[in-house]
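Report on the structure
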Amino acid sequence: MSDVKLAVGGRNYTVSCADGQEDHVQRLAGIIDSKLGSMGANLSSYEAKNLLFAALLVADELDEAKRAAEPPPEPDFDTERLAGQLERMAAALENAASTLEGEAPAS
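Here's what I pulled together on the structure shown here.

What counts and how
- Residues numbered from 1 in each chain as written.
- Predicted model: local features only at pLDDT ≥ 70, side-chain atom pairs only at ≥ 80, totals over all residues.
- Heavy atoms only, no water.
- Patch = residues over 30% accessible without salt bridge, like charges linked within 9 Å, V, L, I, M, F, W, Y side chains within 5 Å.
- Areas by Shrake-Rupley, 256 points an atom, 1.4 Å probe, with all protein chains shown as cover.
- Salt bridge = Lys/Arg side-chain N within 4 Å of Asp/Glu carboxyl O.
- Helix = DSSP H or I, 4+ residues; strand = E, 2+ residues; numbered from the N terminus.
- Buried < 20%, exposed > 50% of the residue type's maximum accessible area, 1.4 Å probe, protein only.
- Pairing = 2+ DSSP bridges.
- Core = buried A, V, L, I, M, F, W, Y, C linked by side-chain atoms within 4.5 Å.

Looking at a nonpolar patch on the surface
On the surface, F77, L82, L86 and M89 cluster together to form a nonpolar patch covering roughly 420 Å² of accessible area. Here L82 is to be found in helix 3 (residues 79-100). On the basis of relative accessibility, which here comes to 37%, the residue L82 falls in the partly exposed class.

Pasting the structure below:
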């Protein structure tokens with residue numbers, strides 16, 4: 001385990017993380033710090049409340065990204081009905097082609 005020093009919202013924190021994850025944890029803390037900075041005048045005098053709102057903003061972005069990455073649901077088709085309609089259309093087209101060619105229509 002490694003200790004990482006983080007600066008978030010003008011405060012310094014030391015957190016533990018797995019060896020080799022220090023840079024990743026610092027990047028994540030930078031995202032939270034950036035969210036706090038973007039809140040500007042909306043910052044509360046309560047540090048925990050500010051961190052909660054910053055975390056909610058990040059969680060909202062993550063949720064939107066996950067939903068955008070999910071494939072859309074498969075359309076719900078009545079395949080039997082659709083197959084029947086296609087067969088009737090094919091027969092009608094064959095009859096029309098036969099009529100145009102001067103042949104007796106197929107049944």
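Section: the environment of S98
By secondary structure assignment, the location of S98 is in helix 3. When its relative accessible area of 11% is taken as the criterion, S98 is described as buried. Separated by 14 residues in the primary sequence, S98 and G84 place their C-alpha atoms 21 Å from one another.

Description of the pairing of strand 2 (residues 11-17)
Examined bridge by bridge, strand 1 (residues 2-8) and strand 2 share seven bridges and lie antiparallel to one another. In the strand pairing of strand 2, D3 is matched with S16. Here strand 1 folds back onto strand 2 in antiparallel fashion, the turn holding two residues, of which G9 has a positive phi close to 60 degrees.

What about the nonpolar core?
Side chains of a nonpolar character, in soluble globular proteins, are inclined to be buried together. Core analysis: the largest hydrophobic core is formed by nine residues, namely V4, L6, V8, C17, V25, A29, L36, M39 and A54. Those elements giving two or more residues to this core turn out to be strand 1 and helix 1 (22-38).

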